[in-house]
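Here is how the chains run, residue by residue.
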Amino acid sequence: MSHLCPALPFYDSSLPAFRQRPLEYSYVFRLVFSQYARAGITSAVNPATTQLGNLTVASVNVRDDDSLPLFVMVEVNYTYIPGMDQPNSAVFAYWTNVFETKLTGLENVTGILSVIPTAFRPGNIATSTIADVTLVVSQTASMFVQTALVAGFRSGDIDGHPVIDGTVSTTVPLCPAKMEVVFVLDGSGSVGYDNFQRMKSFVKRVAGSFAIGPSATQISLFQYSHFVVQEFALDTYGSIGEINQAVDVVMYQNGGTATGLALYEMRQYGFSFGNGGRPGTRRVAILLTDGMSSDSVDKHAMAAWQAGISLYVVGIGSNVDMNELLAIGGTPDNIFGLSNFGQLQDLGTTSLV
């Protein structure tokens, strides 16, 4: 789920990929800590007691050098191989090592603290591959590193394969994938007004990770309680600004919890051609709920899968039924359990769809 684009909203430390690649993810967490955390992180992450997935924290090192992330895209003249997008594959591991070695070994470049290849995907031509790489660099060396990288892109190679193109940015790049993404929000009475606003903020944060438009990603929003409303269709808005404004004015229903009906309406209308659905485009639905459904979800979830819809479900609080969430998502990898609505802000920071 997380390999189509380099920086999208879901993460879960219990996922198998996290356990299988401890070195890669220790670097990822070093990036997050060095960018955002200062005083307090050492006490919050105690090496004696803290677990990340089934990994024990060996040490905590808080840097005070104001290190920064750089987001690098490199397209090389190398035909994409199926499996390069899977972090537990041999080909992913090989190319991860190639890029780490190449970028950390740049001549006359100091200040690169770590290199984190995050995704490999098909290039813009049949014989090329694009690598998305995050570098952590010291702030004082940031401009020098950017200049050196751009110069290297003009005449460089990666493992003997010529570089076709490359970009360096200080901001997380938008996901360029062509997808239909439909959000389905629980508007039942148990959610409450404030928590419904938190769900709306989550929608805006996730949508903001994508390039929006008819040739990129389209966003739709449903809300349900004992009835279902499509707040806006896939082709209603063509920019993130318009989507954010539309989400802001969505009114909280404060009703029941007919999740099965919501799944039916989402499948029936959410991706339809009349509502902006595009033939052959990947379909993704993200459902957020805080409780058990008042109707059956099984047959409607199965019908959604059969229609080619990837279903992800976020269960929030202690009143959710994990068996019901599994019936919706179909696999544990598609289920995200949060203890409270406040954790939604953390679910919008690293890797989705």
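Just so it is clear, the model here is predicted, and its values are computed rather than measured.

Chemist: Can you walk me through the sheet that holds strand β12 (residues 309-316) in this structure?
Modeler: Sheet strands line up and pair through hydrogen bonds in the backbone, either parallel or antiparallel. Taken in spatial order, the 6 strands make up an open sheet running β10-β9-β8-β11-β12-β13, and their pairing is mixed. If you trace the sheet from one side to the other, it starts and ends with β10 (228-232) and β13 (335-338), each paired once. If you compare each strand with its neighbour and ignore which way they point, the axes differ by 20° on average. As paired elements, strand β9 (residues 218-224) and β10 share 4 bridges and run antiparallel to each other.

Chemist: For this particular structure, what's the right way to read the packing of aromatic side chains?
Modeler: Where two aromatic rings form a pair, the distance of their centres and the angle of their planes describe that pair. Following the criterion strictly, the structure yields 7 aromatic pairs and no others. Arranged with centres 6.2 Å apart and planes meeting at 50°, the rings of Trp95 and Phe99 form a pair that is tilted. Placement of the pair is Trp95 and Phe99 together in helix α4 (residues 90-104), with a separation of 4 residues, close to one helical turn. The interplanar angle of 45° and the centroid separation of 5.8 Å between the aromatic rings of Phe99 and Phe120 together place this pair among those described as tilted. Placement of the pair is Phe99 in helix α4 and Phe120 in strand β4 (residues 112-122), with a sequence separation of 21 residues. Neither residue differs from the other here; Phe99 and Phe120 are each classed as buried.

Chemist: Explain helix α6 (residues 193-207) to me, please; I cannot follow it from the model alone.
Modeler: Quick reminder: α-helices carry 3.6 residues per turn. Residues three or four places apart thus point the same way. Over its 15 residues, α6 runs 21 Å from end to end, which matches the ideal 21 Å to within 8%, given 1.5 Å per residue. The set of residues buried in α6 consists of Asn195, Phe196, Met199, Lys200, Phe202, Val203, Val206 and Ala207. For α6, the arc enclosing every buried residue in end-on projection is 155°, short of the 170-degree limit, so these residues lie on one face. Along α6, the residues that are exposed and aim more than 90 degrees away from the buried face are Tyr193 and Asp194. Buried residues along α6 sit against β8 (179-186), β9, α7 (240-248), β11 (282-289) and α11 (344-347).

Chemist: I'm lost on the packing of α6 against α7 in this one. Help?
Modeler: The geometry of a pair of packed helices is captured by two quantities: the angle between their axes and the separation between those axes. Two elements in contact, α6 and α7, have axes separated by 10 Å at closest approach and are oriented at 170°. Put simply, α6 runs roughly antiparallel to α7. Seen from α6, the contacting residues are Lys200, Val203, Lys204 and Ala207; seen from α7, they are Ile240, Ile243, Asn244, Val247 and Asp248. Partitioned by chemical class, the residues of the contact of α6 with α7 number 5 nonpolar, 1 polar and 3 charged.

Chemist: Would you mind going over the nonpolar core with me for this structure?
Modeler: Generally speaking, nonpolar side chains in soluble globular proteins are found buried as a group. Core analysis: the biggest nonpolar cluster contains 34 residues, and Phe183 and Leu344 have the highest contact counts within it. Those elements that provide at least two residues to this core are β8, α6, β9, α7, β11, β12, β13 and α11. Looking at this core, the element that brings in the most residues is α6, giving 6 residues. In this structure, Val72, Tyr78, Val145 and Phe153 belong to the second largest nonpolar core, which totals 26 residues.

Chemist: Would you take a moment to explain the pattern of salt bridges for this structure?
Modeler: For side chains bearing opposite charge, pairing can occur when the charged atoms are close. Applying the stated rule across the entire model yields 3 salt bridges. For Asp132, the salt bridge goes to Arg121, with nearest N and O atoms at 2.6 Å. One end of the pair, Asp132, is in strand β5 (residues 129-137); the other, Arg121, is in strand β4, and 11 residues separate them in sequence. Residue classification places Asp132 among the buried residues on the basis of a relative accessible area of 5%. The salt bridge partner of Glu180 is Arg278, with a shortest N-O separation of 2.9 Å. In this pair, Glu180 is assigned in strand β8 and Arg278 in the loop between α8 (259-270) and β11, connecting sequence segments 98 residues apart. When sorted by exposure, Glu180 lands in the same class as Arg278, which is buried.

Conventions and cut-offs
Residues numbered from 1 in each chain as written. Predicted model: local features only at pLDDT ≥ 70, side-chain atom pairs only at ≥ 80, totals over all residues. Heavy atoms only, no water. Pairing = 2+ DSSP bridges. Helix = DSSP H or I, 4+ residues; strand = E, 2+ residues; numbered from the N terminus. Axes fitted to C-alpha atoms, helices over the stretch in contact; angles between N-to-C directions. Phe/Tyr/Trp six-rings, centres within 6.5 Å; stacked < 30°, edge-to-face > 60°. Buried < 20%, exposed > 50% of the residue type's maximum accessible area, 1.4 Å probe, protein only. Expected span 1.5 Å × (residues − 1). Arc of directions from axis to C-beta. Contact = heavy atoms within 4.5 Å. Parallel < 35°, antiparallel > 145°, perpendicular 65-115°, else oblique. Nonpolar A, V, L, I, M, F, W, Y, C, P; charged D, E, K, R; others polar. Core = buried A, V, L, I, M, F, W, Y, C linked by side-chain atoms within 4.5 Å. Salt bridge = Lys/Arg side-chain N within 4 Å of Asp/Glu carboxyl O.

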